[in-house]
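Results of the structural survey
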Amino acid sequence: MPDGGYAETYSPRKVLDDPSFRVLASGEAPASDANIAAFYNPNHEIHLVEKPRPTPGPGQVLVHVRATGICGSDVHFWKHGRVGDSMVVTDECGSGHESAGEVIEIGEGVTQWKVGDRVAIEAGVPCSKPSCEYCRVGRYNACPDVVFFSTPPFHGTLTRYHLHPAEWLHRLPDSLSFEEGSLCEPLAVALAGVERAGLRLGDPTLICGAGPIGLVSLLSARAAGAEPIVITDLFQSRLDFAKKLVPGVRTVLIERGLTPKDAAQKIKAAADGPVKVAIECSGVESSVHTAIHATQFGGKVFIIGVGKNEQVFPFMHLSANEIDVSFQYRYANQYPKAIRLVAGGLINLKPLVTHRFKLEDAVSAFHVAADPSQGAIKVQIQD
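Summary of the structure given here. Residue positions are given per chain, counted from 1 along the sequence in the order it is written. Per-residue local features of the predicted model are confined to residues with pLDDT of at least 70, and side-chain atom pairs are confined, for both listing and counting, to 80 or more; whole-chain, interface and lining totals are unaffected and use all residues. The basis for the side-chain values is all heavy atoms of the structure; hydrogens and waters are excluded.

Digging into the nonpolar core
Counted only if it meets this: Only buried Ala, Val, Leu, Ile, Met, Phe, Trp, Tyr and Cys residues count toward a nonpolar core, and they belong to the same one when joined by side-chain atoms within 4.5 Å. Relative accessibility thresholds used throughout: buried, under 20% of the residue-type maximum; exposed, over 50%; partly exposed, between the two (1.4 Å probe, protein chains only). Here a strand is any run of E in DSSP of at least two residues, a helix any run of H or I of at least four, and the numbering for each starts at the N terminus.
Judged by nonpolar contacts, the single largest core of 51 residues is most densely connected at Ile207, Leu215, Leu218, Ile231, Ile279, Leu349 and Leu352. Looking at this core, the elements with two or more residues in it are helix H4 (178-197), helix H5 (212-223), strand S15 (229-233), helix H6 (236-245), strand S17 (275-280) and helix H10 (335-343). With eleven residues, H4 is the largest single contributor of residues to this core. In this structure, Ala34, Ala38, Phe357 and Val379 belong to the second largest nonpolar core, which totals 24 residues.

Following this line, the structure appears as structure tokens:
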């Protein structure tokens, strides 16, 4: 566990060892004012728990979480118990990191917030120490002592009451709903990708994968002026959704068994030539290969998706075509931009939420999010 910054403040033991912590029985109705949350564990169980209601200390704010989206990583931690070798579920662990809510208590020294303020919650809280080079230069997503809520061992924000450092909350304008505020988290991922990919006005762009991150990347690329934009997926229903979201997008269905080179030919036909920027949102090796073969000489393949630990890339094709390959780890300095873009009408996140559940029904929400046959894009839990 990290030993700097906020790690001790948000130690999971403070919750798990509290006498009031308990796992609710299946079907048990919690008290209306209980601090309930959705937790998973190493046995791949998902359930509601009751946990203590925290009290804000100096510099802290207590937030009533009003909306939380279920991320693919939440489902992955539940189903598989790990993401890579460093993020492993070893005990009961709270889910959720796409959240927005209302300030209900403030701690000593907090002057920028008052009770009733509406906020988006930035889930990654770095140490912010001057001795941390990454925090000092603004690349705080690389802080080795970051507390990222819902990444084991730290508990997440899918809870009724969440304690957060005042400086890592972002004010929501009156025109933005809590639902939109929570969607600013996946939007921050996409905006970081568009920014780091160097996408410019008029760049022919490919987006691989029409899941939630692919769709917010589509919205971001359109707002940035990419043209044409091609998006791919294995499921026609997701491509149809993308077409409704951005009518001008060109869609390519990737049939199972199609080779990456053949898939790339379909993409180039749809785009009227190779693309300059490919944003890969699945992390699947064959999709990365497809993106590479669809990219022009001197272009860039930017990989947002997460996949298996070791993959094989077409090295000499990349070399002979001077194609740059870059990667992304979470995000930094994106939340204010995300809120401005949504408030200003440049990005409309509202259509992404296809299913809504009460906090008490969070377990059912997880089952819907994990079942592709349900057709969910973004499942939200609201309180």
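There's plenty left to go through after this.
Considerations on the sheet that holds strand S1 (residues 22-23)
Two modes of strand pairing occur in sheets, parallel and antiparallel, and in both the strands are linked by backbone hydrogen bonds. Selection criterion: Note: two strands are recorded as paired if DSSP finds a minimum of 2 bridges between them. Contacts are residue-level and defined by heavy atoms, with any inter-residue pair within 4.5 Å sufficient. Only the contacting stretch of a helix is used when fitting its axis, a line to C-alpha atoms as for every element, and angles between N-to-C directions run 0 to 180 degrees.
Pairing is antiparallel in the open sheet, where four strands are placed in the order S1-S3-S2-S7. Each end of this open sheet is capped by a strand with a single partner; those strands are S1 and strand S7 (93-94). The sheet contact formed by strand S2 (residues 36-40) and strand S3 (residues 46-50) spans five bridges and is antiparallel. If you follow Ala37 over to S3, its bridge partner there is Val49. Taken strand by strand, helix H11 (residues 362-369) contacts S2 and S3, and its axis lies near 155° from that of S3.

Overview of the pairing of strand S21 (residues 378-382)
For clarity, the threshold we go by: Crossovers are described as right-handed under a simple rule: with the strands pointing away from the observer, the path leading from the first strand over the helix to the second runs clockwise.
With respect to burial, S21 is a largely interior element, four of its five residues being buried. Examined bridge by bridge, strand S4 (residues 60-69) and S21 share three bridges and lie antiparallel to one another. For Thr68, the partnering residue across the bridge sits in S21 and is Ile381. As paired elements, strand S20 (residues 353-358) and S21 share five bridges and run parallel to each other. Of the residues in S21, the one forming a bridge with Phe357 is Ile381. With H11 bridging S20 and its parallel neighbour S21, the resulting β-α-β unit is right-handed.

Thoughts on the layout of surface pockets
Let me state the cut-off plainly: Residues are called lining when one of their atoms sits within 4 Å of a cavity or pocket point, these points coming from a 1 Å grid over the protein atoms alone, where a cavity is a set in which a 1.4 Å probe fits but cannot get out and a pocket is an open set with protein on both sides within 12 Å along at least five of seven lines. Grid points are joined across faces, edges and corners, and a volume is the space filled by probe spheres set on the points. Side-chain classes are defined by residue name, with Ala, Val, Leu, Ile, Met, Phe, Trp, Tyr, Cys and Pro counting as nonpolar, Asp, Glu, Lys and Arg as charged, and the others, Gly among them, as polar.
In this structure, the second largest pocket occupies an estimated 370 Å³ of space. Along the walls of the second largest pocket sit 19 residues, with Thr9, Tyr10, Val15, Pro54 and Leu163 positioned nearest its centre. At the level of elements, helix H1 (13-16) and strand S12 (161-165) are the ones that each hand at least two residues to the lining of the second largest pocket. Broken down by element, the lining of the second largest pocket gets its largest block of residues, three residues, from S12. Tallied by class, the residues present in the lining of the second largest pocket amount to nine nonpolar, eight polar and two charged.

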